Structures are given as C-alpha cells and as structure tokens.
Amino acid sequence: MTALARAAVPASAGTAPRGALARYVAAASLARMADGGAVVAVVLLATTRGDGGQVAGVLGACLTAPHLLGPFVARRIDLADDGRKIIALACLLYAAALAAAVATYGRVPLALTGLLLALAGLCGPLLTGGISTRLPAIAGCGADLRRAQGWDVATYGIGGTVGPSMVAAVSAWGSPALAAHCLAAATFLAAGLVMRLPYAAPGHGGNPQAVPGAWRTIALIAGNGKLRRTLYMTVLVAFCMAALPITAVQMTGRLGIPLAGAAAMTAAYGIGNLSGSVGVMLRPLRGSPDRLMTRLALCAASGLCAIMLSDGWQLAVCLFWIAGVANAFFFAATLAARTEYAPANARGQIFLWVAALKITAGSAGTASAGLLSSWDARTPLLAGTLLITTAAMLAYLPKRTSGLSLREELGRQRKV
C-alpha cells in the first residue's frame, strides 16, 4: 500500500468495536435499498393514480437527476469534523422528503411534489457512495479492508434487487404509498446505524482550507494517473454492462425462447453479482487495484463477448452469471482504488464523483443499448467488448511505458 493510502487510514482503524462491520452492512443495505426502490415506488404511485407515464417519468427524473449534484454536496463530508453526522443527516432528510412527497401527492401542486423528490434525490449519493467512505475506519487496511469491500459490493446488490422487489411486493399487498413509507422508515433506521459506526478523524487534519472544492477535485483526478484510470474504467464498464438487461430481452427472439428467458438471464446476472461479492469476502483481492481493474475489466469484456457468441439459452444464463461475477470483482477493485489512491482531504468527493458518473453512465448505457439492439441484439455486446478492451489497453500502456522507463533508469545507474 502506498504512503498516501496509509496516511489516509485513521489511526483508530483496526481498533473498531466488535459488530461495527455488521452495523455498516445493515446501514448500507437499508440506505441503498431505499435509494434503489424509491424510483419504482414513485412510478407505481403515479401510474396507479392514473396520472400517466409522462407524470411518472417526470417524478422519477426528479428523484434520480439530482444524483449528478452529489459530488458538490460531498464536500461537506470532507469538511466535517465527524463525517457520520453528515451522512446520518442526509438519511434523515431523504426519509422526510420522500415520506412528505408521497403523503402530499395529489393534494399539493405537482411542482412541490417534484421539489420534495429532488431534495431526496440530492441526498441519494450520500446514501450510496458517501457511506462507503466509512469503511477504512472499520476495517483498517490490507486484506481486512478488501474483505469488507466485498461486503460493500454485496450491499449494492441487495439495494438494487431487494429494494425494487420489496416495493413490488408491498405495492401488491397494500399500496405504492405504503411501500414508499417503508423505504423512508428503512432510511431512518440507517441514520441511527450510521451514527453507531466508529468515529474517523477528518482527513483535513484540522485545516478545512486544505479541502479542495469540486472543480479542484476534478483537476486532482485528471492529474493523477491512477485516479484518472479508476474514473474512466469505472464509467466505461458501467456503460457497457448496463446493456445486459436490454440485450437479454432482445436475445429471446434470436434464441427462439419465451420472454421469461430474459428474466432468467437478468436474474442470473444479479445472482452473479452477489456471488462475486461473496467471493471477494472469502478471498479478498490481492495486488495493486490499478492492475486489478485492468485485468478484471478484460474479464468483463470477455463475458460480453461470450454472451454475444452463445447459441443456447442455458449457456446464455450461465454466461450472464459469469458476467455478474466478473462485474462484482471489478467493482470491488474500483472501491479499493478509490480508497487507496484518493487523498484523505478529498476522499468523499472522489468517491461521489466516480459514483455519480457511474450511475449516469449506466443510464446512458441502457438507453444506448435500446437504440443499438434495434439493429441486432448482439450490437450492444460487440460495442461493449470493443470499448472495454480499448479502455483496458489505454490503462495498460502508461503503466507499461512507466515500467520500461524505470528499468532504463536502473540500467543507467548500474552502468554509472
């Protein structure tokens, strides 16, 4: 681990109280479950009231679009003497805004409902990427931190699958409004659990002026080769892997199977993500996150290529599972890279910049896949394979050049 990474780990790391990781997993799962299921609840609420798809889409966008502003909000974590308080406050605001928007929907102007949802959406990034900044205070560094990052990947999978599933179940049993209130309650509980996580000293070391602003953080990422590679590799892999649910639907026609086969393939991908996170827990990733990202990105590209060439639905289901596993390992490597390469005084902002752009890339990837698959179901997979492979090669070349330069310098020193 680099000296910068060691400096970024609080002195109290490794002495976290027993049960801290369990509380972290519970808090992260509850918060991310709410963030992942809220859009579904809002869309169902608008649809069941007969307001039409246009209103449902606008309200859903009010909840998701503010995620892009998350990096600007994240500076509060880096400035705060206790980052837990900022994340817990975000959880409480999210819960209150979501509950108020649902309770008053149809009784107040639509613009006010949209404003309340936008306030919740603005807090959303702190419920996802923001909570991840607490991990070093719990697990310290080395293998323990890598294992904890496997748990973190699992909470994202739980949030993305359990959240929407719970909303669908509660909506069928009760109503979408009840489901939304359940999500608000889950976020409220997450706030209490966040405050019970170990305290971590602020990264600015008592000098808030040392915390860079949002644009200086972007310049910091752009000027640091490892952080820059972390950003563009994360964005491109998210963009390409987001095509898989759309591709699954389109592949049913090519494979001559019912549409239910698409659900099986998509479920296999989700199960693969969870399986991969369990794999990281049992066998933490070793080595440089920079190199791991490159190799695991190529594994993800290989998975896309294999799915593109598959000619049977049973094989396709297995390959979707393998792609999910590869994506989980890659995600764990990006978490390790953000933790180890981000300076302590800007860690929160870097975490959220990468997370916000990843979410945006995923949405763009889904939309692009819908357009490309109108020509052929394999087109998004081919494009994804080429994009990820190109990104991996771009990431490899600077490291290769740097290694050659180092060997040449050592050779000159020996001659001298």
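## What about the overall build of the protein?
Line of reasoning, step 1. Summing up its helical and strand segments, the protein has 18 helices and zero strands in all.
Line of reasoning, step 2. Counting over 416 residues, the protein shows a buried share of 50%.
Line of reasoning, step 3. Restricting to contacts in the protein with at least 6 residues of sequence separation, those with at least 24 account for 85%.
Line of reasoning, step 4. Counting only carbon and sulfur atoms, one obtains 68% of the accessible surface of the protein, whose full area is about 17,900 Å².

## Some points on the pattern of salt bridges
Line of reasoning, step 1. Under the criterion given, the structure shown has five salt bridges.
Line of reasoning, step 2. In this structure, Arg32 engages Asp152 in a salt bridge whose closest nitrogen and oxygen atoms are separated by 2.6 Å. Of the two residues, Arg32 is situated in helix α2 (residues 20-48) and Asp152 in helix α9 (residues 143-173); the sequence distance between them amounts to 120 residues.
Line of reasoning, step 3. A salt bridge links Arg147 to Asp144, with the nearest nitrogen and oxygen atoms 3.5 Å apart. Here Arg147 and its partner Asp144 are both found in helix α9, three residues apart, which amounts to about one turn of the helix.

## A short note on the nonpolar core
Line of reasoning, step 1. Among the nonpolar cores identified, the biggest contains 109 residues, and Tyr94, Leu244 and Phe320 are the most heavily contacted of them.
Line of reasoning, step 2. Considering every element that reaches this core, the biggest residue donor is helix α16 (residues 313-341), with 15 residues.
Line of reasoning, step 3. In contact with Tyr94, not counting residues within four places along its chain, are Ala34, Asp35, Ala38, Leu63, Ala120, Cys123, Gly124, Leu127 and Thr187.

## Some words on α9
Line of reasoning, step 1. For α9, built from 31 residues, the straight-helix expectation of 45 Å at 1.5 Å per residue is met to within 8% by its first-to-last C-alpha distance of 44 Å.
Line of reasoning, step 2. Of all bends in α9, the biggest is about 25 degrees, found at Ile158.

## Some points on the environment of Gly213
Line of reasoning, step 1. In this fold, Gly213 is placed in the loop between α10 (176-195) and α11 (214-223).
Line of reasoning, step 2. Taking the C-alpha atoms as reference, Gly213 lies 8.7 Å from Ala346; in sequence the two are 133 residues apart.
Line of reasoning, step 3. Discounting chain neighbours no more than four positions away, the residues touching Gly213 are Arg75 and Gln349.

## Observations concerning the packing of aromatic side chains
Line of reasoning, step 1. In total, this model carries three aromatic pairs according to the counting rule given.
Line of reasoning, step 2. Note on Phe72 and Trp215: the rings are 5.5 Å apart at their centroids and 70 degrees apart in plane angle, and the pair reads as edge-to-face. Taken together, the positions of Phe72 in helix α4 (residues 70-73) and Trp215 in helix α11 put the pair 143 residues apart, joining distant regions of the chain.
Line of reasoning, step 3. We classify Trp215 as exposed; its relative accessible area is 62%.
Line of reasoning, step 4. Consider the rings of Phe72 and Trp353, whose centres lie 5.5 Å apart with planes at 65 degrees: the pair is edge-to-face. Placement of the pair is Phe72 in helix α4 and Trp353 in helix α17 (residues 347-372), with a sequence separation of 281 residues.

Rules behind the numbers
Position labels on residues start from 1 in each chain and follow its written sequence. Under the rules for a predicted model, residues below a pLDDT of 70 receive no local features and side-chain atom pairs below 80 are neither given nor counted, while totals for whole chains, interfaces and linings still include all residues. Each side-chain value is derived from all of the structure's non-hydrogen atoms; neither hydrogens nor water enter the calculation. Helix numbering and strand numbering both begin at the N terminus, where a helix is a DSSP run of H or I of at least 4 residues and a strand a DSSP run of E of at least 2. Relative accessibility thresholds used throughout: buried, under 20% of the residue-type maximum; exposed, over 50%; partly exposed, between the two (1.4 Å probe, protein chains only). Only heavy atoms enter the contact rule, under which two residues are in contact if any of them lie within 4.5 Å. Only the protein chains shown count as cover for residues, and all accessible areas are computed by the Shrake-Rupley method using a 1.4 Å probe. Whenever a carboxyl oxygen of Asp or Glu lies within 4 Å of a side-chain nitrogen of Lys or Arg, that contact is scored as a salt bridge. In plain words, nonpolar cores are sets of buried Ala, Val, Leu, Ile, Met, Phe, Trp, Tyr and Cys residues tied together by side-chain atoms within 4.5 Å. One less than the number of residues in a helix, times 1.5 Å, gives the span that helix is expected to have. One fitted axis covers the seven residues ending at a residue, a second covers the seven starting there, and the bend at that residue is the angle between these axes. Aromatic rings from Phe, Tyr and Trp, taking only the six-membered ring of Trp, are treated as a pair when their centres fall within 6.5 Å; an angle between ring planes under 30 degrees marks them as stacked, one over 60 as edge-to-face, and anything in between as tilted.

Taken by themselves, the reported measurements are silent on function.
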